[in-house]
Amino acid sequence: MADRTTRKSPAPDPAEPPAQAPGVRLGLPPTGSGSVAGWGRRILGLVVDWVVATLVARTVLEGLGRDLGPLLVFFVMHLLLVSTIGMSIGHAVVGIAVRRLDGRPVGLAMGALRALLLTLVIPAVVFDSDRRGLHDKVATVVVVRR
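Residues numbered from 1 in each chain as written. Predicted model: local features only at pLDDT ≥ 70, side-chain atom pairs only at ≥ 80, totals over all residues. Heavy atoms only, no water.

Engineer: Kindly report on the overall build of the chain, identifying the contributing residues and their values.
Structural biologist: The helix and strand inventory of the chain stands at six helices and two strands. In the chain, the order of α-helices and β-strands from amino to carboxyl end is α-α-α-β-α-α-α-β. Each of the 146 residues in the chain was classed as buried or not, and the buried ones make up 35%. A sequence separation of at least 24 residues applies to 64% of the contacts in the chain between residues at least 6 apart. Here the chain displays about 9,200 Å² of accessible surface, and carbon together with sulfur accounts for 65% of that area. (Helix = DSSP H or I, 4+ residues; strand = E, 2+ residues; numbered from the N terminus. Buried < 20%, exposed > 50% of the residue type's maximum accessible area, 1.4 Å probe, protein only. Contact = heavy atoms within 4.5 Å. Areas by Shrake-Rupley, 256 points an atom, 1.4 Å probe, with all protein chains shown as cover.)

Structure, rendered in structure tokens:
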């Protein structure tokens, strides 16, 4: 008969602090409204924004080509909407918003910086434990659930 031993998971190390939910160290709640938005919502919002930008570009900016037109519309859409109302069309659809860490509106300068870095893609895929991409960190903002 084979020896059947049960394996127990190791006990948590009391010297290690417990893992915190994203955003808690920034003063945000761990769950619910105002908590850091999850990846699913953020990616779906991005897809919605890209579809809208592509449709607008194909309708209005035919001469700019397939690549530059949607990117330009995406940039302008994020610049104007996030700077003024704190969310893009995709954000509104999935129930998330962009907020500054100090509670003030995003504003034109930080909105422009964030939109520029977001369209460069690389800063958006480099992120920290609070789910803030470089574009969010530079603009001192965080994407939260509404």
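Engineer: Could you give an account of the pattern of salt bridges, naming the residues involved and the relevant values?
Structural biologist: The tally for this structure, following the rule as stated, stands at seven salt bridges. D128 serves as the salt-bridge partner of R25, at 3.9 Å between the closest nitrogen and oxygen. Note that R25 is positioned in the segment before α1 (39–60) and D128 in the loop between α5 (122–125) and α6 (134–138), a separation of 103 residues in sequence. By relative accessible area, which is 16% here, D128 ends up buried. Two residues, D136 and R42, come together in a salt bridge whose shortest N-O distance is 2.9 Å. Here the residue D136 occupies a position in helix α6, and R42 occupies one in helix α1, the gap between them amounting to 94 residues. The class of R42 is buried, set by a relative accessible area of 13%. (Salt bridge = Lys/Arg side-chain N within 4 Å of Asp/Glu carboxyl O.)

Engineer: Please give an account of the environment of W39 that cites residues and values.
Structural biologist: Note on placement: W39 falls in helix α1. A C-alpha to C-alpha distance of 8.1 Å links W39 and R131, two positions 92 residues apart in sequence. Once residues within four sequence positions are removed from consideration, W39 is found in contact with F127 and R131.

Engineer: Break down α1 for me, citing the residues and quoting the values.
Structural biologist: Here α1 is 22 residues long and its end C-alpha atoms lie 31 Å apart, about the 32 Å a rise of 1.5 Å per residue gives. R42, G45, D49, A53, T54 and A57 are the residues of α1 that are buried. (Expected span 1.5 Å × (residues − 1).)

Engineer: I'd like to hear about the side chain of D128, residue by residue, with values.
Structural biologist: A polar contact is formed between the side chain of D128 and the backbone nitrogen of R132, at a distance of 3.0 Å. The contacts of D128, once residues within four sequence positions are left out, are R25 and K137. (Polar contact = N/O pair within 3.5 Å; in protein donor to acceptor, adjacent residues only side chain to side chain.)

Engineer: Which residues make up unusual backbone geometry, and what are the values?
Structural biologist: A positive phi angle is found at R131, which is not glycine, with a value near 60 degrees. Checked against the element boundaries, R131 lands in the loop between α5 and α6. R131 gets classed as partly exposed once you look at its relative accessible area, which sits at 23%.

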